[in-house]
Amino acid sequence: MNALEKIKRSWWVIFSVLILFNGLGFIYIGAIHDNRNWVLEGVIYEIPWVFGIIFGNFDSIVDVYVAIAMILMLVSIVRSVWVAIKLGDVYDNQEKYAIQTTALNGSNAAQENSEFPTTVACVSCLVLICVAYAILAFM
């Protein structure tokens, strides 16, 4: 794949430098590639902006949310460029990275149970982050 095609497929990186929208790129690319972790990461990048808008009347709280949001914005810029470069490698080697189904000696229950702790951990982490932001809002 040539460089122009890689740039066309990486247009979502632009969202990471836009204030208030820096998480939308990860939400988009996570939805396209069916990667829940990227969607969750995009939501986490958006949470401080949402809370900053909701609690816009409280000046001291807004300063904290904007500071957190700006730090997360820098992280999202670096992370989105890194993911775009890795996806460029995947696009170059699609046959190497293609998902192949294999039959294991165990049943499908083993595969279903292997995802369960990850999902619970991601959801509980998101809940804890929301609770932390709520506590900061009422301080």
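These remarks concern the structure in this document. (Residues numbered from 1 in each chain as written. Predicted model: local features only at pLDDT ≥ 70, side-chain atom pairs only at ≥ 80, totals over all residues. Heavy atoms only, no water.)

**A closer look at the packing of aromatic side chains**
Next up, step 1: Under the definition given, this model contains five aromatic pairs.
Next up, step 2: Seen from their ring centres, F51 and Y65 are 5.8 Å apart, and the 20 degrees between their planes marks the pair as stacked. Taken together, the residues span a long stretch of sequence, with F51 in helix 3 (residues 36–54) and Y65 in helix 4 (residues 59–92) at a distance of 14 residues.
Next up, step 3: The exposure class of F51 is buried, given its relative accessible area of 16%.
Next up, step 4: A relative accessible area of 1% places Y65 in the buried class.
Next up, step 5: Through successive ring pairs, a cluster of aromatic residues spans W11, F15 and Y28. (Phe/Tyr/Trp six-rings, centres within 6.5 Å; stacked < 30°, edge-to-face > 60°. Helix = DSSP H or I, 4+ residues; strand = E, 2+ residues; numbered from the N terminus. Buried < 20%, exposed > 50% of the residue type's maximum accessible area, 1.4 Å probe, protein only.)

**Some details on unusual backbone geometry**
Next up, step 1: Even without glycine at this site, L20 takes up a positive phi of about 75 degrees.
Next up, step 2: If you trace the backbone, L20 turns up in the loop between helix 1 (3–9) and helix 2 (24–32).
Next up, step 3: For D34, which is not glycine, the phi torsion reads 55 degrees and is therefore positive.
Next up, step 4: With respect to the helices and strands, the residue D34 is situated in the loop between helix 2 and helix 3.

**Considerations on the environment of S80**
Next up, step 1: Structurally, S80 is set in helix 4.
Next up, step 2: Spatially, the C-alpha atoms of S80 and V17 are 9.8 Å apart, while their sequence positions differ by 63 residues.
Next up, step 3: Apart from residues lying up to four places away in sequence, S80 is in contact with W12, V13, S16 and F26. (Contact = heavy atoms within 4.5 Å.)

**Some thoughts on the nonpolar core**
Next up, step 1: By size, the foremost hydrophobic cluster in this structure holds 17 residues, and its most contacted members are W12 and Y65.
Next up, step 2: Elements supplying a minimum of two residues to this core: helix 2, helix 3, helix 4 and helix 6 (108–137).
Next up, step 3: The greatest single-element share of this core, amounting to six residues, is contributed by helix 4. (Core = buried A, V, L, I, M, F, W, Y, C linked by side-chain atoms within 4.5 Å.)

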